[in-house]
Amino acid sequence: MAQLSDDCFAFGGPMMSVDEAVAIITSRVTAVGEIETVPLNAADGRVLARDVAAPLPLPPFTNSAVDGYAVRAGDLPRETEQAFPLAGRVQAGVSAGAAKPGHAVRIFTGAPMPEGTDTVFMQEDVTVDEAGRVVLPPGLKAGANVRPAGEDIPLGHLALKRGQRLWPQHVAMAAAFGLSELDVTRRIRVAVFSTGDEIASPGTARGTPQLYDSNRFMLMAMLRRLGAEVSDLGIIRDEREPLASALKHAAAQHDLILTSGGVSTGEEDHVKAGVEAVGSLVLWRMAIKPGRPVAMGIIGGTPFIGLPGNPVASFVTFVHVVRPAVLALSGALPEQPIPIPVRAAFTYKKKAGRREYVRVSLRRAQDGTLEALKFPREGAGLLSSLVDTDGLVELGEDLTAVKPGQSVGYLGYASLI
Ligand code: AMP
Ligand code: MG
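Reading guide: rules and limits
Residues numbered from 1 in each chain as written. Chains lettered and ligands numbered in written order. Predicted model: local features only at pLDDT ≥ 70, side-chain atom pairs only at ≥ 80, totals over all residues. Heavy atoms only, no water. Phe/Tyr/Trp six-rings, centres within 6.5 Å; stacked < 30°, edge-to-face > 60°. Helix = DSSP H or I, 4+ residues; strand = E, 2+ residues; numbered from the N terminus. Buried < 20%, exposed > 50% of the residue type's maximum accessible area, 1.4 Å probe, protein only. Contact = heavy atoms within 4.5 Å. Pairing = 2+ DSSP bridges.

Colleague: Honestly, the packing of aromatic side chains in this entry has me stumped. Any pointers?
Modeller: Aromatic ring pairs are defined here through the distance separating the ring centres and the angle between the ring planes. Here the structure, examined in full by the defined rule, presents three aromatic pairs. When the ring of Phe9 is compared with that of Trp284, the centres are 6.1 Å apart and the planes differ by 85°; the resulting orientation is edge-to-face. Of this pair, Phe9 sits in the segment before helix H1 (18-28) while Trp284 sits in strand E19 (residues 280-285), and the two are 275 residues apart along the sequence. Residue classification places Trp284 among the buried residues on the basis of a relative accessible area of 1%.

Pasting the structure below:
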(Lines give C-alpha, C1' and ligand atoms only; values in the text may rest on other atoms or scores of the structure.)
(Ligands and ions follow the chains in the order given, each with its own letter.)
Protein backbone atom coordinates (compact mmCIF):
# COMPACT_ATOMS: atom_id res chain seq x y z
CA MET A 1 0.00 0.00 0.00
CA ALA A 2 1.05 3.57 -0.54
CA GLN A 3 2.66 5.05 2.54
CA LEU A 4 2.20 8.77 2.92
CA SER A 5 3.03 11.02 5.82
CA ASP A 6 0.25 12.63 7.80
CA ASP A 7 0.74 16.18 6.57
CA CYS A 8 1.07 15.15 2.95
CA PHE A 9 -2.00 17.04 1.75
CA ALA A 10 -1.79 19.97 4.16
CA PHE A 11 -2.49 23.25 2.47
CA GLY A 12 -2.54 26.72 3.96
CA GLY A 13 -4.46 28.80 1.43
CA PRO A 14 -8.15 29.69 1.67
CA MET A 15 -9.16 28.52 -1.82
CA MET A 16 -7.38 26.09 -4.04
CA SER A 17 -7.62 26.02 -7.80
CA VAL A 18 -8.38 22.73 -9.51
CA ASP A 19 -4.93 22.70 -11.12
CA GLU A 20 -3.18 23.25 -7.78
CA ALA A 21 -5.23 20.47 -6.19
CA VAL A 22 -4.43 18.01 -8.97
CA ALA A 23 -0.73 18.94 -8.88
CA ILE A 24 -0.56 18.33 -5.12
CA ILE A 25 -2.43 15.04 -5.23
CA THR A 26 -0.59 13.56 -8.17
CA SER A 27 2.83 14.56 -6.84
CA ARG A 28 2.17 13.16 -3.35
CA VAL A 29 0.70 9.75 -4.09
CA THR A 30 3.01 6.84 -4.93
CA ALA A 31 2.15 4.51 -7.75
CA VAL A 32 1.66 0.84 -6.92
CA GLY A 33 4.88 -1.04 -7.55
CA GLU A 34 3.60 -4.57 -8.14
CA ILE A 35 3.62 -5.86 -11.69
CA GLU A 36 1.43 -8.61 -13.10
CA THR A 37 1.74 -10.43 -16.39
CA VAL A 38 -1.64 -10.76 -18.10
CA PRO A 39 -2.69 -12.48 -21.31
CA LEU A 40 -3.34 -10.05 -24.13
CA ASN A 41 -7.02 -10.84 -23.85
CA ALA A 42 -7.12 -9.39 -20.36
CA ALA A 43 -4.95 -6.34 -21.05
CA ASP A 44 -7.63 -3.87 -22.17
CA GLY A 45 -8.02 -1.12 -19.58
CA ARG A 46 -4.86 -2.04 -17.65
CA VAL A 47 -1.78 0.17 -17.22
CA LEU A 48 1.38 -0.92 -19.01
CA ALA A 49 4.20 -1.45 -16.49
CA ARG A 50 7.16 -1.53 -18.89
CA ASP A 51 8.10 0.11 -22.16
CA VAL A 52 7.62 -2.08 -25.20
CA ALA A 53 10.27 -1.71 -27.92
CA ALA A 54 9.30 -3.23 -31.27
CA PRO A 55 10.70 -6.80 -31.34
CA LEU A 56 10.04 -6.84 -35.08
CA PRO A 57 9.34 -4.14 -37.63
CA LEU A 58 5.77 -3.48 -38.77
CA PRO A 59 5.02 -4.59 -41.33
CA PRO A 60 7.60 -7.36 -40.84
CA PHE A 61 8.31 -7.66 -44.59
CA THR A 62 7.81 -5.45 -47.63
CA ASN A 63 4.47 -6.27 -49.27
CA SER A 64 1.93 -5.15 -51.80
CA ALA A 65 -0.79 -2.73 -50.69
CA VAL A 66 -3.12 -3.69 -53.54
CA ASP A 67 -4.13 -6.46 -55.93
CA GLY A 68 -2.20 -5.91 -59.19
CA TYR A 69 1.10 -6.36 -60.96
CA ALA A 70 4.59 -5.91 -59.53
CA VAL A 71 7.48 -4.63 -61.66
CA ARG A 72 11.00 -3.29 -61.20
CA ALA A 73 11.16 0.50 -60.95
CA GLY A 74 13.81 0.49 -63.65
CA ASP A 75 11.29 -1.08 -66.04
CA LEU A 76 8.49 1.49 -65.41
CA PRO A 77 6.89 2.80 -68.63
CA ARG A 78 7.90 6.48 -68.97
CA GLU A 79 6.16 8.14 -71.94
CA THR A 80 3.67 5.63 -73.31
CA GLU A 81 1.96 2.49 -72.11
CA GLN A 82 3.94 -0.69 -72.40
CA ALA A 83 3.05 -4.41 -72.50
CA PHE A 84 4.82 -6.77 -70.08
CA PRO A 85 4.80 -10.54 -70.28
CA LEU A 86 3.73 -12.17 -67.02
CA ALA A 87 6.19 -14.22 -65.04
CA GLY A 88 4.93 -15.62 -61.76
CA ARG A 89 2.11 -15.11 -59.32
CA VAL A 90 2.38 -14.39 -55.60
CA GLN A 91 -0.46 -14.36 -53.12
CA ALA A 92 -0.60 -13.41 -49.41
CA GLY A 93 1.11 -15.88 -47.12
CA VAL A 94 3.36 -17.34 -49.81
CA SER A 95 7.09 -16.66 -50.24
CA ALA A 96 8.05 -14.91 -53.44
CA GLY A 97 11.08 -15.70 -55.57
CA ALA A 98 13.06 -13.26 -57.68
CA ALA A 99 11.33 -11.43 -60.54
CA LYS A 100 12.60 -11.55 -64.13
CA PRO A 101 13.67 -8.19 -65.55
CA GLY A 102 11.20 -6.82 -68.11
CA HIS A 103 8.35 -8.94 -66.73
CA ALA A 104 5.40 -8.27 -64.44
CA VAL A 105 4.39 -10.51 -61.53
CA ARG A 106 0.75 -11.02 -60.67
CA ILE A 107 0.47 -10.03 -56.98
CA PHE A 108 -2.23 -9.71 -54.32
CA THR A 109 -2.69 -7.48 -51.26
CA GLY A 110 -0.41 -8.48 -48.39
CA ALA A 111 1.82 -10.72 -50.55
CA PRO A 112 5.60 -10.24 -50.20
CA MET A 113 7.23 -8.26 -53.01
CA PRO A 114 9.20 -10.56 -55.32
CA GLU A 115 12.92 -9.86 -55.08
CA GLY A 116 13.88 -7.10 -57.50
CA THR A 117 10.39 -5.53 -57.70
CA ASP A 118 9.49 -2.32 -55.93
CA THR A 119 6.36 -0.95 -57.60
CA VAL A 120 2.83 -2.33 -58.02
CA PHE A 121 0.22 -1.33 -60.60
CA MET A 122 -3.35 -1.63 -59.33
CA GLN A 123 -5.32 -4.14 -61.34
CA GLU A 124 -7.98 -1.47 -61.98
CA ASP A 125 -5.37 0.65 -63.84
CA VAL A 126 -4.16 -1.95 -66.35
CA THR A 127 -5.49 -4.01 -69.27
CA VAL A 128 -4.48 -7.43 -70.52
CA ASP A 129 -3.87 -7.81 -74.28
CA GLU A 130 -4.70 -10.79 -76.55
CA ALA A 131 -1.24 -12.21 -76.02
CA GLY A 132 -1.90 -12.36 -72.28
CA ARG A 133 0.54 -9.52 -71.55
CA VAL A 134 -0.35 -6.86 -69.05
CA VAL A 135 -0.44 -3.33 -70.48
CA LEU A 136 0.88 -0.81 -67.94
CA PRO A 137 0.21 2.93 -68.25
CA PRO A 138 3.03 5.51 -67.92
CA GLY A 139 3.30 7.93 -65.00
CA LEU A 140 3.32 5.66 -61.96
CA LYS A 141 5.89 6.65 -59.33
CA ALA A 142 8.59 4.18 -58.33
CA GLY A 143 7.62 2.51 -55.07
CA ALA A 144 3.86 3.06 -55.55
CA ASN A 145 1.40 0.72 -53.79
CA VAL A 146 4.08 -0.96 -51.74
CA ARG A 147 4.30 -1.11 -47.94
CA PRO A 148 7.99 -1.25 -47.01
CA ALA A 149 9.03 -3.31 -43.99
CA GLY A 150 9.07 -1.07 -40.91
CA GLU A 151 7.12 1.81 -42.50
CA ASP A 152 4.65 1.63 -39.62
CA ILE A 153 7.08 0.83 -36.77
CA PRO A 154 10.82 0.32 -37.26
CA LEU A 155 12.57 -2.49 -35.39
CA GLY A 156 13.42 -1.42 -31.84
CA HIS A 157 11.19 1.66 -31.85
CA LEU A 158 9.65 2.58 -28.46
CA ALA A 159 6.15 1.63 -29.54
CA LEU A 160 4.20 1.45 -26.26
CA LYS A 161 5.21 3.52 -23.28
CA ARG A 162 5.20 2.50 -19.66
CA GLY A 163 2.19 4.11 -17.97
CA GLN A 164 0.04 3.88 -21.07
CA ARG A 165 -3.52 2.89 -20.28
CA LEU A 166 -4.14 0.08 -22.71
CA TRP A 167 -6.97 0.59 -25.16
CA PRO A 168 -7.93 -1.79 -27.96
CA GLN A 169 -5.44 -0.18 -30.36
CA HIS A 170 -2.55 -0.74 -27.93
CA VAL A 171 -3.58 -4.36 -27.51
CA ALA A 172 -3.63 -4.64 -31.31
CA MET A 173 -0.06 -3.38 -31.55
CA ALA A 174 1.21 -5.82 -28.94
CA ALA A 175 -0.53 -8.61 -30.86
CA ALA A 176 1.08 -7.42 -34.11
CA PHE A 177 4.45 -7.84 -32.39
CA GLY A 178 3.51 -11.43 -31.63
CA LEU A 179 3.33 -10.80 -27.87
CA SER A 180 0.81 -12.97 -26.07
CA GLU A 181 1.13 -11.31 -22.67
CA LEU A 182 1.88 -7.86 -21.27
CA ASP A 183 3.28 -6.64 -17.98
CA VAL A 184 0.80 -4.32 -16.28
CA THR A 185 0.60 -2.70 -12.87
CA ARG A 186 -1.56 -4.32 -10.23
CA ARG A 187 -5.08 -2.95 -10.16
CA ILE A 188 -5.38 -0.43 -7.35
CA ARG A 189 -7.81 -1.37 -4.60
CA VAL A 190 -10.26 1.34 -3.69
CA ALA A 191 -12.70 1.26 -0.78
CA VAL A 192 -15.91 3.16 -1.43
CA PHE A 193 -18.60 4.12 1.00
CA SER A 194 -21.40 6.58 1.36
CA THR A 195 -22.25 8.49 4.49
CA GLY A 196 -25.53 9.78 5.80
CA ASP A 197 -28.46 8.65 7.94
CA GLU A 198 -30.80 9.64 5.12
CA ILE A 199 -29.18 7.29 2.62
CA ALA A 200 -30.65 3.81 1.96
CA SER A 201 -29.17 1.01 -0.14
CA PRO A 202 -31.04 0.12 -3.33
CA GLY A 203 -32.87 -3.16 -2.75
CA THR A 204 -33.60 -2.40 0.92
CA ALA A 205 -36.63 -0.76 2.49
CA ARG A 206 -36.46 3.02 2.38
CA GLY A 207 -37.74 5.09 5.27
CA THR A 208 -39.93 8.06 4.32
CA PRO A 209 -37.21 10.66 4.96
CA GLN A 210 -34.61 8.62 3.13
CA LEU A 211 -33.31 8.51 -0.43
CA TYR A 212 -31.51 5.75 -2.23
CA ASP A 213 -27.76 5.81 -2.51
CA SER A 214 -26.82 6.83 -6.02
CA ASN A 215 -23.30 8.16 -5.42
CA ARG A 216 -21.75 4.88 -4.36
CA PHE A 217 -22.84 3.14 -7.55
CA MET A 218 -21.76 6.04 -9.73
CA LEU A 219 -18.35 6.26 -8.07
CA MET A 220 -17.77 2.51 -8.17
CA ALA A 221 -18.68 2.41 -11.85
CA MET A 222 -16.30 5.28 -12.64
CA LEU A 223 -13.51 3.63 -10.64
CA ARG A 224 -13.97 0.33 -12.47
CA ARG A 225 -13.75 2.14 -15.80
CA LEU A 226 -10.37 3.40 -14.65
CA GLY A 227 -9.24 -0.17 -14.01
CA ALA A 228 -9.55 -0.12 -10.21
CA GLU A 229 -10.70 -3.02 -8.07
CA VAL A 230 -13.49 -1.72 -5.88
CA SER A 231 -14.61 -2.77 -2.40
CA ASP A 232 -18.19 -1.78 -1.75
CA LEU A 233 -18.29 -0.85 1.92
CA GLY A 234 -21.90 0.29 1.95
CA ILE A 235 -23.32 3.20 3.87
CA ILE A 236 -21.93 4.53 7.15
CA ARG A 237 -24.10 6.37 9.64
CA ASP A 238 -23.46 9.99 10.47
CA GLU A 239 -21.53 9.16 13.62
CA ARG A 240 -17.89 9.48 14.46
CA GLU A 241 -17.23 5.99 15.85
CA PRO A 242 -18.60 3.78 13.07
CA LEU A 243 -16.97 6.08 10.54
CA ALA A 244 -13.60 5.98 12.25
CA SER A 245 -13.56 2.22 12.57
CA ALA A 246 -14.72 1.63 8.98
CA LEU A 247 -12.00 3.97 7.74
CA LYS A 248 -9.32 2.33 9.83
CA HIS A 249 -10.13 -1.16 8.58
CA ALA A 250 -10.40 -0.01 4.99
CA ALA A 251 -7.03 1.75 5.16
CA ALA A 252 -5.18 -1.45 5.97
CA GLN A 253 -6.41 -3.19 2.83
CA HIS A 254 -6.72 -0.52 0.19
CA ASP A 255 -4.69 1.93 -1.87
CA LEU A 256 -7.34 4.64 -1.68
CA ILE A 257 -10.46 5.34 0.36
CA LEU A 258 -13.25 7.28 -1.29
CA THR A 259 -16.39 8.51 0.41
CA SER A 260 -19.21 10.85 -0.47
CA GLY A 261 -21.24 13.10 1.79
CA GLY A 262 -20.55 14.55 5.20
CA VAL A 263 -17.62 16.76 4.26
CA SER A 264 -19.30 20.12 4.65
CA THR A 265 -18.87 21.90 7.93
CA GLY A 266 -22.38 21.34 9.30
CA GLU A 267 -22.99 19.75 12.70
CA GLU A 268 -24.01 16.50 11.07
CA ASP A 269 -20.98 16.27 8.84
CA HIS A 270 -18.96 13.67 10.68
CA VAL A 271 -16.39 12.63 8.13
CA LYS A 272 -13.93 15.21 9.40
CA ALA A 273 -14.07 13.92 12.97
CA GLY A 274 -14.06 10.30 11.79
CA VAL A 275 -10.93 10.75 9.70
CA GLU A 276 -9.19 12.77 12.38
CA ALA A 277 -9.78 10.01 14.92
CA VAL A 278 -7.70 7.57 12.87
CA GLY A 279 -5.56 9.75 10.64
CA SER A 280 -5.27 13.32 9.52
CA LEU A 281 -7.50 15.41 7.34
CA VAL A 282 -7.53 18.71 5.53
CA LEU A 283 -10.62 20.24 4.02
CA TRP A 284 -9.87 21.78 0.72
CA ARG A 285 -12.07 24.60 -0.31
CA MET A 286 -11.67 24.10 -3.98
CA ALA A 287 -12.48 26.85 -6.43
CA ILE A 288 -14.80 24.62 -8.46
CA LYS A 289 -18.54 24.66 -9.06
CA PRO A 290 -20.34 22.38 -8.64
CA GLY A 291 -18.07 21.08 -5.94
CA ARG A 292 -17.81 22.76 -2.57
CA PRO A 293 -15.25 21.31 -0.16
CA VAL A 294 -13.34 18.17 -0.96
CA ALA A 295 -11.66 16.44 1.97
CA MET A 296 -8.18 14.99 1.61
CA GLY A 297 -6.49 12.91 4.22
CA ILE A 298 -4.15 10.14 5.16
CA ILE A 299 -5.19 7.15 7.24
CA GLY A 300 -2.41 4.74 8.15
CA GLY A 301 -0.45 5.87 5.11
CA THR A 302 -3.40 5.37 2.75
CA PRO A 303 -4.81 8.40 0.94
CA PHE A 304 -8.40 9.35 1.65
CA ILE A 305 -10.64 11.54 -0.51
CA GLY A 306 -14.05 12.67 0.72
CA LEU A 307 -16.36 14.01 -1.98
CA PRO A 308 -19.42 16.19 -1.45
CA GLY A 309 -22.76 14.38 -1.17
CA ASN A 310 -24.69 16.12 -3.91
CA PRO A 311 -24.51 13.74 -6.87
CA VAL A 312 -23.48 16.33 -9.46
CA ALA A 313 -20.81 17.78 -7.16
CA SER A 314 -19.63 14.24 -6.50
CA PHE A 315 -19.45 13.53 -10.23
CA VAL A 316 -17.59 16.72 -11.12
CA THR A 317 -15.08 16.46 -8.29
CA PHE A 318 -14.52 12.79 -9.11
CA VAL A 319 -13.57 13.48 -12.70
CA HIS A 320 -11.36 16.43 -11.83
CA VAL A 321 -9.75 15.34 -8.58
CA VAL A 322 -10.19 11.61 -7.99
CA ARG A 323 -9.54 10.52 -11.56
CA PRO A 324 -6.03 12.06 -11.71
CA ALA A 325 -5.30 10.51 -8.29
CA VAL A 326 -6.45 7.08 -9.44
CA LEU A 327 -4.32 7.35 -12.58
CA ALA A 328 -1.27 8.39 -10.55
CA LEU A 329 -1.77 5.56 -8.04
CA SER A 330 -2.15 3.09 -10.91
CA GLY A 331 1.15 4.19 -12.43
CA ALA A 332 -0.60 5.66 -15.47
CA LEU A 333 0.71 8.68 -17.33
CA PRO A 334 -1.31 11.84 -16.57
CA GLU A 335 -4.19 12.48 -18.95
CA GLN A 336 -5.63 15.90 -19.49
CA PRO A 337 -8.89 15.76 -21.41
CA ILE A 338 -8.81 18.57 -23.99
CA PRO A 339 -11.92 20.76 -24.17
CA ILE A 340 -13.30 20.96 -27.71
CA PRO A 341 -14.42 24.42 -28.87
CA VAL A 342 -18.18 24.67 -29.39
CA ARG A 343 -20.54 27.63 -29.57
CA ALA A 344 -22.47 28.54 -26.45
CA ALA A 345 -26.23 28.70 -26.96
CA PHE A 346 -26.77 30.16 -23.50
CA THR A 347 -26.09 33.14 -21.28
CA TYR A 348 -24.15 32.62 -18.07
CA LYS A 349 -22.68 34.73 -15.31
CA LYS A 350 -19.96 33.54 -12.97
CA LYS A 351 -17.50 34.69 -10.35
CA ALA A 352 -13.92 35.25 -11.39
CA GLY A 353 -11.36 33.03 -9.66
CA ARG A 354 -13.49 29.90 -9.77
CA ARG A 355 -13.73 27.21 -12.40
CA GLU A 356 -17.26 26.26 -13.29
CA TYR A 357 -18.71 23.35 -15.18
CA VAL A 358 -22.00 23.78 -17.01
CA ARG A 359 -24.00 20.68 -17.94
CA VAL A 360 -24.84 20.89 -21.63
CA SER A 361 -26.34 19.01 -24.55
CA LEU A 362 -24.85 19.34 -28.01
CA ARG A 363 -26.79 20.12 -31.13
CA ARG A 364 -25.79 21.01 -34.66
CA ALA A 365 -26.73 24.55 -35.65
CA GLN A 366 -28.05 25.45 -39.14
CA ASP A 367 -24.56 26.44 -40.32
CA GLY A 368 -23.15 23.09 -39.21
CA THR A 369 -21.26 24.24 -36.10
CA LEU A 370 -21.79 22.50 -32.80
CA GLU A 371 -23.78 24.39 -30.20
CA ALA A 372 -23.93 23.70 -26.48
CA LEU A 373 -27.33 24.02 -24.81
CA LYS A 374 -27.30 24.51 -21.08
CA PHE A 375 -29.42 22.22 -18.93
CA PRO A 376 -32.25 24.52 -17.82
CA ARG A 377 -31.74 24.09 -14.05
CA GLU A 378 -28.63 24.33 -11.89
CA GLY A 379 -29.08 22.24 -8.72
CA ALA A 380 -26.11 20.07 -7.74
CA GLY A 381 -28.55 17.36 -6.66
CA LEU A 382 -30.25 16.93 -10.02
CA LEU A 383 -29.31 13.56 -11.46
CA SER A 384 -31.44 14.33 -14.53
CA SER A 385 -28.95 17.07 -15.33
CA LEU A 386 -26.28 14.41 -15.88
CA VAL A 387 -28.55 11.87 -17.54
CA ASP A 388 -30.09 14.28 -20.04
CA THR A 389 -26.90 16.03 -21.15
CA ASP A 390 -23.83 15.06 -23.17
CA GLY A 391 -21.00 16.71 -21.28
CA LEU A 392 -19.62 19.71 -19.42
CA VAL A 393 -18.63 23.12 -20.66
CA GLU A 394 -15.54 24.25 -18.76
CA LEU A 395 -15.46 27.92 -17.84
CA GLY A 396 -12.01 28.97 -16.73
CA GLU A 397 -11.13 30.98 -13.63
CA ASP A 398 -10.76 34.26 -15.51
CA LEU A 399 -14.12 34.21 -17.23
CA THR A 400 -17.02 36.16 -15.71
CA ALA A 401 -19.73 35.78 -18.34
CA VAL A 402 -20.75 33.77 -21.35
CA LYS A 403 -22.83 35.24 -24.13
CA PRO A 404 -24.67 33.29 -26.83
CA GLY A 405 -22.39 32.63 -29.80
CA GLN A 406 -19.21 32.73 -27.72
CA SER A 407 -16.75 29.87 -28.18
CA VAL A 408 -16.48 27.67 -25.07
CA GLY A 409 -14.60 24.45 -24.27
CA TYR A 410 -16.67 21.27 -24.19
CA LEU A 411 -15.73 18.00 -22.48
CA GLY A 412 -17.91 15.05 -23.47
CA TYR A 413 -18.69 12.58 -20.70
CA ALA A 414 -16.95 9.87 -22.74
CA SER A 415 -13.67 11.80 -22.45
CA LEU A 416 -14.06 12.21 -18.68
CA ILE A 417 -14.93 8.73 -17.49
P1 AMP B 1 -23.83 16.13 2.47
O2 AMP B 1 -22.60 16.41 1.65
O3 AMP B 1 -23.70 14.92 3.33
O4 AMP B 1 -24.25 17.36 3.23
O5 AMP B 1 -24.99 15.83 1.43
C6 AMP B 1 -25.41 16.79 0.50
C7 AMP B 1 -26.65 16.30 -0.20
O8 AMP B 1 -26.30 15.17 -0.98
C9 AMP B 1 -27.76 15.88 0.72
O10 AMP B 1 -28.98 16.33 0.18
C11 AMP B 1 -27.66 14.40 0.71
O12 AMP B 1 -28.89 13.78 1.00
C13 AMP B 1 -27.18 14.09 -0.66
N14 AMP B 1 -26.43 12.84 -0.68
C15 AMP B 1 -25.43 12.53 0.18
N16 AMP B 1 -24.96 11.30 -0.07
C17 AMP B 1 -25.66 10.82 -1.12
C18 AMP B 1 -25.64 9.59 -1.84
N19 AMP B 1 -24.80 8.62 -1.51
N20 AMP B 1 -26.50 9.42 -2.86
C21 AMP B 1 -27.36 10.43 -3.18
N22 AMP B 1 -27.43 11.59 -2.55
C23 AMP B 1 -26.60 11.80 -1.52
MG1 MG C 1 -24.61 13.99 4.86
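Colleague: I'm lost on the environment of Asp197 in this one. Help?
Modeller: Positionally, Asp197 belongs in the loop between strand E14 (189-195) and strand E15 (199-200). On the basis of relative accessible area, Asp197 is assigned to the partly exposed category, the value being 45%. Along the chain, Asp197 and Ala352 lie 155 residues apart, while their C-alpha atoms are 36 Å from each other. When residues no more than four places from it in sequence are discounted, the contact partners of Asp197 are Gln210, Arg237 and Asp238.

Colleague: What should I look at first to understand the sheet that holds strand E5 (residues 82-84) in this one?
Modeller: Backbone hydrogen bonds are what pair the strands of a sheet, in a parallel or an antiparallel way. Read across the sheet, three strands follow the order E5-E10-E9 without closing on themselves; strand pairing throughout is antiparallel. Edge positions in the sheet fall to E5 and strand E9 (127-128), since each of these pairs with one other strand and no more. Sheet topology note: the E9/strand E10 (residues 134-136) ladder contains two bridges and is antiparallel. By the bridge assignment, Val128 is partnered in E10 with Val134.

Colleague: Help me understand the pairing of strand E23 (residues 340-344), please; the structure alone is not making it clear to me.
Modeller: Every other side chain in a regular strand lies on the same face of the sheet, so the side chains alternate between the two faces. Sheet analysis places E23 next to strand E29 (residues 407-412), joined by four bridges and oriented antiparallel. The partner of Ile340 across the bridge, within E29, is Tyr410. Bridge analysis of E23 against strand E26 (residues 370-374) gives two bridges, and the strand direction is parallel. Of the residues in E26, the one forming a bridge with Arg343 is Glu371.

Colleague: Sorry, what's going on with unusual backbone geometry here?
Modeller: Keep in mind that most residues, glycine aside, have a negative phi and that most peptide bonds are trans. Cis geometry marks the peptide bond from Leu58 to Pro59, where omega comes out at -10°. With respect to the helices and strands, Pro59 occurs in the loop between strand E2 (52-53) and strand E3 (63-64). The residue after Lys289, namely Pro290, is reached through a cis peptide bond having omega -5°. Within the element layout of this structure, Pro290 appears in the loop between strand E20 (288-289) and strand E21 (293-299). Phi angles above zero are rare outside glycine, and Asn145 is one such case at about 60°. Along the chain, Asn145 turns up in the loop between E10 and strand E11 (146-147).

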